[in-house]
Amino acid sequence: MNLFGYREGTFWCESVPIPQIAEKVGTPFYLYSKNTLLRHYQRLDESLAGIDHIICYALKANPSLSVCKVLADAGSGAEIVSGGELYRALRVGVSPGKIVYNGNGKTAPEIRYALESGILMFNVDSESELHLLNQIANELGCTAHVGLRVNPDIDPRTHPYISTGLRENKFGIPIEEALEFYRKANAMPNVKVVGIHKHIGSQIVDLSPFVESLQRIMLLVKELSRIGVHLRCIDMGGGIGITYNEETPPSFEDYVSAIKPLIKDSGCMLIVEPGRVIVGNAGVLITRVVHVKASGNKNFVVVDAAMNDLIRPSIYGAYHNIVPVEQSANCRATIVADVVGGICESADFFARGREVPELKAGELVAIMSAGAYGAAMASNYNSRPLIAEVMVDGSQTMIIRRRQTYEEMVSLESF
Ligand code: LLP
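The model shown is predicted, which means the values in this text are computed figures rather than measured ones.

## Comments concerning the packing of aromatic side chains
Taken as a whole, this structure holds six aromatic pairs when the rule is applied. Both rings, one in Y6 and one in F11, keep their centres 4.8 Å apart while their planes meet at 50°; by these two values the pair is tilted. On the basis of relative accessible area, Y6 is assigned to the partly exposed category, the value being 31%. Residue F11 is classed as buried on the basis of its relative accessible area, which comes to 5%. Measuring from centroid to centroid gives 5.1 Å for F210 and Y255, while their planes differ by 90°, and the two rings are edge-to-face.

What follows is the structure, given as structure tokens:
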């Protein structure tokens, strides 16, 4: 479900041919479709109609101010994990009452900033954090609204680096210890227990881990209410997967139908924290082939983007479809090639041993499904300036972040 596609052999984003944008901004650049983004948000929101809910967009997937603003204007809340993400969310007008703060490493200044901003809920990850939160709330003369991040010990059957709800992962409080933890939190003077949080991982394409983990959480919610702790929010976390290649993730309707029966009599509001499923397929990375070389018995297609721009293939071995921006008039031959960047690391690749059309130096290619954890994870490695980001809305093109200059790249440094 996205608004990228070929028209008469040229790849377009909504109503704009991509070569026209490349001409204007140069390559490489990230390209987002505003109406795909909005459609994903609205479809999820519609699926949740009938349940008291807040969608808290996970800024880590793509923290671009423009992306966040589009979602904030549509009514989205924010899931944040740092002071920087809080700053971005507030900057684009997300209501503090729709912001949930997650993460296992919240620092005192970050906690102070979030308390002063009046956010909806802190999802606490450890006893140490709970004490710090209580102490800072006391200093500020306020009450911190908290949920506890519970680790339900469920295998989300995704890449180990993005699994978070197994006992051995660093996140949350083991579910068996949660009751005791809630008791302690409930007795703290500057903390008010309002919710429960779980997040079992990302790029999850089966429904069952979501359902099983929620079942475990709901048993705890019942036990809590027996001891007089009545929660107001159940936070499901994020994690809904998308199609990169041939995965068939659950539809929003299937996701909601599976979880609705479990929460419907709880009297609680539902919070969801989607990132990838909102923005992943609303963005692509446009890059130009700079060299094609045959070396030994291998073909290498070298492009002007690199692992510093999109690191997912290097870290997770992630698959991103790669398509030419101009389809040739005649059917092209295919070759098996590695599509690589120009960084001095062998891990700098976008595809390995992939069958691709025979690409020529100078032509544009689109690396698909790059809207989530793409620009968000970019760096200046090899002193490559951060690339531009562009958003298309119908026939309008907006540069939402211009390319960094060399001067800007070194501007925080002194010698
Ligand atoms: N909530 C929490 C507490 C999270 O840790 C995350 C993602 C989300 C929500 C959003 O999850 P999503 O809906 O996007 O799956 N860099 C990796 C993904 C890391 C995900 C980290 N946490 C990647 O490129 O695949």
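From this point, the discussion proceeds with the structure in view.
## A look at the packing of helix α4 (residues 83–91) against helix α5 (residues 108–117)
Relative orientation of the contacting elements α4 and α5 amounts to 25°, with a least axis distance of 9 Å. With respect to α5, the axis of α4 lies roughly parallel. Viewed along their axes, α4 and α5 form a crossing whose handedness is left-handed. Residue-level inspection shows G83, L86, Y87 and L90 of α4 in contact with α5, the latter providing E110, Y113, A114 and S117. Of the residues that constitute the contact of α4 with α5, the class distribution is five nonpolar, two polar and one charged.

## Description of the domain arrangement of the protein chain
Once the domains are mapped, the protein chain shows domain 1 (4–32 + 280–409) and domain 2 (34–278). A straight line from the C-alpha centre of domain 1 to that of domain 2 covers 32 Å. At the junction of the two partners, domain 1 supplies 22 residues and domain 2 supplies 23 residues. Interface area for domain 1 against domain 2, summed over the two sides, is near 1900 Å², with a carbon-plus-sulfur share of 56%. Sorting the residues of domain 1 by area buried against domain 2 places Y316, Y319 and Y373 first, and these three jointly supply 27% of that buried surface. Linking domain 1 with domain 2 are one salt bridge. K34 is the partner of D393 in a salt bridge, and the nearest nitrogen-oxygen pair spans 3.5 Å. Among the secondary structure elements, those contributing two or more residues to the side of domain 1 that touches domain 2 are α11 (312–316) and β20 (388–393). In terms of residue count, the dominant contributor to the side of domain 1 that touches domain 2 is β20 (four residues).

## Let's talk about α5
Side chains three or four residues apart in an α-helix point the same way, a direct result of the helix having 3.6 residues per turn. Taken together, the buried positions of α5 are occupied by E110, I111, A114, L115 and S117. Seen end-on, α5 carries its buried residues on one side only, within an arc spanning 160°. Projecting away from the buried face of α5 at angles above 90 degrees are the exposed residues P109 and E116. The inward-facing, buried residues of α5 contact α4, β7 (99–101), β8 (121–124), α6 (127–140) and β9 (144–151).

## Notes on the site of the ligand
What surrounds the ligand is a group of 20 residues, the closest being S202, E273, R312, Y316 and Y373. Side-chain polar atom of E79 to a nitrogen atom of the ligand: 3.5 Å apart, as the coordinates give it. Measuring from an oxygen atom of the ligand, one finds a side-chain N or O atom of R312 at 2.6 Å. Considered on its own, the ligand offers 590 Å² of accessible surface; in the complex 91% of this is hidden by protein.

## Thoughts on the sheet that holds strand β1 (residues 4–7)
The strand order β1-β2-β3 describes an open sheet built from three strands, whose pairing is antiparallel. Both outer strands of the open sheet, β1 and β3 (16–17), are each paired with one neighbouring strand and no more. With two bridges joining them, strand β2 (residues 10–13) and β3 adopt antiparallel strand pairing. Following the sheet pairing, C13 is matched in β3 by V16.

## Describing the environment of P249
In this structure, P249 sits in the loop between β12 (233–235) and α9 (252–263). Taking the C-alpha atoms as reference points, P249 and Q203, separated by 46 residues in sequence, lie 8.5 Å from one another.

## Comments concerning the UniProt feature "binding site: substrate" (unreviewed entry) in the protein chain
In this structure's numbering, the residues bearing the UniProt feature "binding site: substrate" (unreviewed entry) are R276, R312, Y316, E345 and Y373. Considering the C-alpha atoms alone, the annotated residues occupy 98 residues of sequence and remain spread out, their largest mutual distance being 27.1 Å. Assignment of secondary structure puts Y316 in helix α11. If we ignore the near neighbours within four places in the chain, the residues touching Y316 are H159, Y161, I162 and M377. When sequence neighbours within four positions are dropped, the list of residues in contact with E345 reads M307 and Y381.

## Considerations on the side chain of H53
Along the chain, H53 falls in strand β5 (residues 53–58). From its side chain, H53 meets the backbone oxygen of L48 in a polar contact 3.3 Å long. At 2.7 Å, the side chain of H53 forms a polar contact with the backbone oxygen of I51. Each residue touching H53, except ones within four places of it in the same chain, is listed here: D45, L48, M269 and L270.

## Thoughts on the pattern of salt bridges
With the rule as written, the count across this model stands at 16 salt bridges. Across the pair K106 and E129 runs a salt bridge whose closest N-O atoms are separated by 2.7 Å. Here K106 is found in the loop between β7 and α5, whereas its partner E129 is found in helix α6, with 23 residues between them in sequence. Each member of the pair, K106 as well as E129, carries the same accessibility label: buried. Here R384 makes a salt bridge to D309, at a shortest N to O gap of 3.5 Å. Taken together, the residues R384 in the loop between β19 (364–367) and β20 and D309 in the loop between β15 (298–303) and α11 connect sequence positions 75 residues apart. Residue D309 is classed as buried on the basis of its relative accessible area of 2%. It is possible to trace a salt-bridge network through shared partners that takes in R332, K360 and E363.

Parameters at a glance
- Residues numbered from 1 in each chain as written.
- Predicted model: local features only at pLDDT ≥ 70, side-chain atom pairs only at ≥ 80, totals over all residues.
- Heavy atoms only, no water.
- Phe/Tyr/Trp six-rings, centres within 6.5 Å; stacked < 30°, edge-to-face > 60°.
- Buried < 20%, exposed > 50% of the residue type's maximum accessible area, 1.4 Å probe, protein only.
- Axes fitted to C-alpha atoms, helices over the stretch in contact; angles between N-to-C directions.
- Helix = DSSP H or I, 4+ residues; strand = E, 2+ residues; numbered from the N terminus.
- Parallel < 35°, antiparallel > 145°, perpendicular 65-115°, else oblique.
- Left-handed = near helix turned anticlockwise from the far one by under 90°.
- Contact = heavy atoms within 4.5 Å.
- Nonpolar A, V, L, I, M, F, W, Y, C, P; charged D, E, K, R; others polar.
- Domains from an automatic or database assignment.
- Buried area = accessible area lost by both parts, 1.4 Å probe.
- Salt bridge = Lys/Arg side-chain N within 4 Å of Asp/Glu carboxyl O.
- Arc of directions from axis to C-beta.
- Near = heavy atom within 4 Å.
- Polar contact = N/O pair within 3.5 Å; in protein donor to acceptor, adjacent residues only side chain to side chain.
- Areas by Shrake-Rupley, 256 points an atom, 1.4 Å probe, with all protein chains shown as cover.
- Pairing = 2+ DSSP bridges.
- UniProt positions renumbered as here; feature names shortened; annotations may be inferred.

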